[in-house]
Amino acid sequence: MATKGLHVTPRGGKWAVRQSGSSRAAVVVETQGEAIQIAREKVKKAGGEIYVHGRDGRIRERSSYEKESYPQKG
């Protein structure tokens, strides 16, 4: 199964969160920290990876998350 990935990239003095393979940003925020937090929340729900790019555009960090699972009641 292919994992979904989100990229945190610099964009015009701000930071964007975009899906792997997409050129359009899902979210653009002021700081890299905000972008990482948004990406982390999205990926934790569905599982996948976050690729954090530096100001030079190169990947500087990668984090993997498994899909959240909730215990069954019963």
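Shown above is the structure to which this text applies.
A brief report on the enclosed structure follows. (Residues numbered from 1 in each chain as written. Predicted model: local features only at pLDDT ≥ 70, side-chain atom pairs only at ≥ 80, totals over all residues. Heavy atoms only, no water.)

**With respect to the pattern of salt bridges**
For clarity, the threshold we go by: A carboxyl oxygen of Asp or Glu within 4 Å of a side-chain nitrogen of Lys or Arg is what we treat as a salt bridge. The secondary structure listing takes helices from DSSP runs of H or I that are at least 4 residues long and strands from runs of E that are at least 2 residues long, numbered from the N terminus. Three labels apply to residues, based on accessible area from a 1.4 Å probe with only protein chains included: buried if under 20% of the type maximum, exposed if over 50%, partly exposed otherwise in between.
This model, assessed by the stated rule, comprises 3 salt bridges. Note that Glu49 is salt-bridged to Arg62, the shortest N-O span being 2.8 Å. Here Arg62 lies in strand S5 (residues 59–65) and Glu49 lies in strand S4 (residues 48–53), a separation of 13 residues in the sequence. By relative accessible area, which is 11% here, Glu49 ends up buried. Using a relative accessible area of 57% as the deciding quantity, one classes Arg62 as exposed. Notably, a salt bridge pairs Arg60 with Glu61, separated by 3.5 Å at the nearest N-O pair. For Arg60, a relative accessible area of 48% gives the class partly exposed. Glu61 sits in the partly exposed class, given a relative accessible area of 32%.

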